[in-house]
Amino acid sequence: MTISFQRLSKAFVFLSLAYVIINLFIIAFMDRSASFRLAADGGSWFIPAQSLLHSGSLSSPDYPGLEIYRSPGVAVFFAGLMYLAGGESVSAIVAGQICALYVTAVLFRATVKDWFPRYADLGMALILFNPSLLAMAYFTQSETLATLTAMIALFFLLRYTKGKTSWPVVLALGLSLGVTCLIRTNPIYLVYLLPVVLPIVGLIEQHDVSWRLAVAKGTLATCVAVAVMVPWAINVYEMTGHIGLSILISPRAEYEYVYDQLTILEAAHSNISTHDAKIALDQGTREAFVQSFGTRWNGLSETERFVLLKDHTLKSMLGYPLRDWTTALGLSMAQFYFGGGAGAWHNLFGTFAGGMVQSFSETPKADVLAFLRSVILKAPLGALALSAMCFAFIAVVRTALIFGFVELCRRRLWGLLLILSGTSLYFGLSTLFQGQARYRASIEPELMLMAVAGFALIWEGLRKSRSQAVPH
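Cut-off values and rules
Residues numbered from 1 in each chain as written. Predicted model: local features only at pLDDT ≥ 70, side-chain atom pairs only at ≥ 80, totals over all residues. Heavy atoms only, no water. Helix = DSSP H or I, 4+ residues; strand = E, 2+ residues; numbered from the N terminus. Rg over C-alpha atoms; globule rule 2.2 N^0.38 Å. Buried < 20%, exposed > 50% of the residue type's maximum accessible area, 1.4 Å probe, protein only. Contact = heavy atoms within 4.5 Å. Areas by Shrake-Rupley, 256 points an atom, 1.4 Å probe, with all protein chains shown as cover. Lys, Arg positive; Asp, Glu negative; His and termini not counted. Charge placed at Lys NZ, Arg CZ, Asp CG, Glu CD. Phe/Tyr/Trp six-rings, centres within 6.5 Å; stacked < 30°, edge-to-face > 60°. Lys NZ or Arg CZ within 6 Å of the ring centre and 35° of its normal. Core = buried A, V, L, I, M, F, W, Y, C linked by side-chain atoms within 4.5 Å. Salt bridge = Lys/Arg side-chain N within 4 Å of Asp/Glu carboxyl O. Axes fitted to C-alpha atoms, helices over the stretch in contact; angles between N-to-C directions. Parallel < 35°, antiparallel > 145°, perpendicular 65-115°, else oblique. Left-handed = near helix turned anticlockwise from the far one by under 90°. 1 Å grid on protein atoms, 1.4 Å probe; cavity = no way out; pocket = protein on both sides within 12 Å on 5 of 7 lines; lining within 4 Å. Points joined across faces, edges and corners; volume = space filled by probe spheres on them. Nonpolar A, V, L, I, M, F, W, Y, C, P; charged D, E, K, R; others polar. Patch = residues over 30% accessible without salt bridge, like charges linked within 9 Å, V, L, I, M, F, W, Y side chains within 5 Å. Expected span 1.5 Å × (residues − 1). Polar contact = N/O pair within 3.5 Å; in protein donor to acceptor, adjacent residues only side chain to side chain.

Asker: How should I be thinking about the overall build of the protein chain in this particular structure?
Answerer: Helix and strand content of the protein chain: 22 helices and 0 strands. For the protein chain, whose C-alpha radius of gyration is 24 Å, the value lies close to the compact-globule estimate of 23 Å for 472 residues. Dimensions of the protein chain, computed from the C-alpha atoms along their principal axes, are close to 90 × 55 × 55 Å. Of all 472 residues assigned to the protein chain, the portion counted as buried reaches 50%. Of all intrachain contacts in the protein chain linking residues separated by at least 6 positions in sequence, the fraction that spans at least 24 positions is 75%. Carbon and sulfur atoms make up 66% of the accessible area of the protein chain, which amounts to about 22,400 Å² in all. For the protein chain, the distance from the average position of its 34 positive side-chain charges to the average position of its 28 negative side-chain charges is 12 Å.

Asker: What exactly am I supposed to notice about the packing of aromatic side chains here?
Answerer: With the rule as written, the count across this model stands at 16 aromatic pairs. Here Phe36 and Phe46 contribute two aromatic rings whose centre-to-centre distance is 5.2 Å and whose plane-to-plane angle is 55 degrees, an arrangement assigned as tilted. In this pair, Phe36 sits in helix 2 (residues 34-37) while Phe46 sits in helix 3 (residues 42-55), placing the two residues 10 residues apart along the sequence. Classification of Phe36 by relative accessible area gives partly exposed; the value is 34%. What makes Phe46 buried here is its relative accessible area of 6%. A centroid spacing of 4.8 Å and a plane angle of 85 degrees characterise the contact between Phe336 and Tyr337, whose relative ring orientation is edge-to-face. Relative accessible area serves as the criterion here: at 0%, Phe336 is assigned to the buried category. Directly above the aromatic system of Trp115 lies the positively charged group of Lys162, at a separation of 4.3 Å from the ring centroid.

Asker: Looking at this structure, I do not really get the nonpolar core. What am I missing?
Answerer: One broad trend across soluble globular proteins is that nonpolar side chains are buried collectively. By size, the foremost hydrophobic cluster in this structure holds 106 residues, and its most contacted members are Phe116, Tyr138, Leu408 and Leu416. Among the elements that take part in this core, helix 5 (residues 90-115) stands out by supplying 12 residues, more than any other. Beyond its immediate sequence surroundings of up to four residues, Leu408 is in contact with Phe116, Leu413, Leu416, Leu417, Leu420, Met450 and Ala453. Ranked by size, the runner-up nonpolar core spans 18 residues in total, among them Tyr255, Leu262, Trp297 and Ala328.

Asker: Quick question: what am I supposed to make of the pattern of salt bridges here?
Answerer: Pairs may arise between side chains of opposite charge once their charged atoms sit close together. Applying the stated rule across the entire model yields 16 salt bridges. The closest approach of N and O atoms between Glu460 and Arg118, which form a salt bridge, is 3.0 Å. Note that Glu460 is positioned in helix 22 (residues 444-469) and Arg118 in the loop between helix 5 and helix 6 (120-128), a separation of 342 residues in sequence. Taking relative accessible area as the criterion, Glu460 reaches 26% and is therefore assigned partly exposed. Between Glu407 and Arg410 there is a salt bridge; the shortest N-O distance is 2.8 Å. Note that Glu407 and Arg410 are positioned in helix 20 (residues 381-410) at a spacing of 3 residues, about one turn of the helix. Overall, Glu407 belongs to the buried group, its relative accessible area being 1%. The class for Arg410 is exposed, based on a relative accessible area of 55%.

Asker: Could you clarify how one ought to interpret the packing of helix 1 (residues 10-29) against helix 5 in this entry?
Answerer: Remark: helix 1 packs on helix 5, axes separated minimally by 12 Å, with the N-to-C direction vectors making an angle of 155 degrees. The angle between helix 1 and helix 5 falls in the class roughly antiparallel. In this structure, helix 1 crosses over helix 5, and the sense of that crossing is right-handed. Mapping the contact onto sequence places Phe12, Ser16, Tyr19, Asn23 and Ile27 in helix 1 and Ile98, Leu101, Tyr102, Val106 and Arg109 in helix 5.

Asker: What am I meant to see in empty space enclosed by the protein here?
Answerer: Think of a ball as big as a water molecule: rolled over the atoms, this probe shows where empty space is left. The final tally for this structure, using the stated rule, is 3 cavities of 30 Å³ or more. Empty space within the largest cavity amounts to approximately 60 Å³. In the lining of the largest cavity, the residues fall into 3 nonpolar, 2 polar and 3 charged.

Asker: Mind showing me how you'd approach a nonpolar patch on the surface here?
Answerer: A cluster of nonpolar residues, Val196, Ile200, Ile204, Trp414 and Leu418, forms a patch on the protein surface that exposes about 380 Å² of accessible area. Elements that contribute at least two residues to the nonpolar patch include exactly helix 10 (188-205) and helix 21 (414-430). No other element matches helix 10, which puts 3 residues into the nonpolar patch. Along the chain, Trp414 turns up in helix 21. Residue Trp414 is classed as partly exposed on the basis of its relative accessible area of 34%.

Asker: Where do I start with the layout of surface pockets in this structure?
Answerer: Approximately 400 Å³ is the volume attributed to the second largest pocket. Every residue lining the second largest pocket is counted, 22 residues in all, and those nearest its centre are Leu157, Leu190, Val197, Ile419 and Thr423. At the level of secondary structure, the elements contributing two or more residues to the lining of the second largest pocket comprise helix 8 (143-161), helix 9 (167-181), helix 10 and helix 21. Each residue belonging to the lining of the second largest pocket can be placed in one class, and the counts come to 17 nonpolar, 4 polar and 1 charged.

Asker: Even after reading the chapter, I still don't get helix 12 (residues 251-270), so can you show me in this structure?
Answerer: Given 3.6 residues to a turn, an α-helix orients residues that are three or four positions apart in the same direction. The end-to-end C-alpha distance of helix 12 is 28 Å, a good match for the 28 Å that 20 residues give at a rise of 1.5 Å each. A positive phi of about 55 degrees marks Asn271, the residue just after helix 12.

Asker: What exactly am I supposed to notice about the side chain of Glu446 here?
Answerer: Tracing the chain through its elements places Glu446 in helix 22. Buried charge Glu446 goes without a salt bridge, the closest partner of opposite sign being Arg440 at 10 Å. Within polar-contact distance, the side chain of Glu446 engages the side chain of Thr423 at 3.4 Å. If we skip the residues at most four places from it in the chain, Glu446 touches Leu154, Leu420, Thr423 and Ser424.

This is the structure:
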């Protein structure tokens with residue numbers, strides 16, 4: 001991809017300047033301490049970066065095991081930014097992430113230009129001024145970097161879909177997807193699907209490539225991605241005895257993950273808050289299970305205990321009726337795809353900071369109206385205005401997305417539709433019952449590209465209506 005600065009549109013220049021001005025405004029009025037203090041799991045990303053900056057190692061004597069609690073990509077990125085700044089600096093991380101979001105938007109613009117050339121600048125705007133993505137750039141979290149590397153992978157995957165099936169494109173796809181897994185592990189199963197996806201895309205788009213060669217190219221991309229991940233996976237295995245990219249694949253982490261899912265199921269089943277559901281489970285079925293072992297429980301190793309607790313939790317989950325599963329999953333998907341990310345803006349400007357999370361945990365899980373009433377009654381006017389901004393953006397782009405689905409079908413862009421809808425659905429389902437707006441960051445480009453298709457359909461329809469209305 002080459003960019004000719006002589007051919008840059010006026011809209012591109014305007015959007016770039018607007019992005020700078022808006023960020024200067026945010027920096028001038030934000031709560032500077034919030035970037036780390038109120039970041040979601042911020043310490044788990046920042047502390048290994050501190051250790052890497054000062055000692056050249058991700059490990060910290062004050063936090064044993066934290067260096068493999070997460071995959072290493074974010075810590076390396078943060079440490080590099082702080083090294084360039086000359087020392088520990090959250091501001092350097094924020095500045096780097098603001099730049100990373102801009103690069104993401106430029107890459108997205110190039111991708112939109114391949115499919116909907118007249119709407120490339122609109123696509124760029126939908127990334128630059130996406131409330132959820134913009135707010136997350138100001139926190140020491142993984143989402144901004146993960147969105148950039150996932151965008152790079154999407155760029156090459158859609159280049160392949162468009163018919164650019166050269167070996168360099170395939171190698172770049174595998175490399176970028178492997179790097180993305182070293183930032184957040186969510187896409188790891190997509191890596192193994194490439195030998196299937198590339199031939200299917202080739203068949204749909206009628207590429208001048210045999211299915212055997214497409215399988216070979218998909219396999220190569222998978223091998224490249226795995227090769228990127230293997231050194232770190234070996235390190236994790238040597239430290240834990242478990243195969244994976246972080247300690248989150250340990251029995252304890254697996255148990256905590258499924259127990260959180262059980263808590264949400266119980267909240268949906270009993271129509272109570274997740275806070276009350278956890279208390280009920282801790283003092284009820286979990287305690288009864290532990291007590292059933294009597295004195296034998298004390299003789300078990302920690303690993304054995306968590307394996308047993310995980311198995312018990314899974315059996316408990318299977319005991320809930322299908323209605324509770326669909327309720328919990330439906331609420332999760334609603335949060336994932338339609339959450340506006342307003343809580344990050346509240347934290348950033350110090351208005352109603354943490355209030356959304358508190359209201360959500362204290363109101364019945366299945367009672368959305370109770371949650372909204374709680375927020376409206378407790379939140380100050382400024383926080384409500386920020387929430388309205390985020391919700392308005394989501395309402396507009398999701399409406400456009402529906403039209404976009406129709407437009408992709410109308411144009412018979414089946415390969416593009418498969419990639420966009422498939423990855424969007426994969427990431428949504430990977431959260432199970434814990435869908436949140438920030439978990440959506442990596443697939444915002446997919447969702448925004450479908451929205452661009454919708455805006456194209458709407459605009460072309462309006463233009464056609466106007467031309468028909470003008471008398472000749």
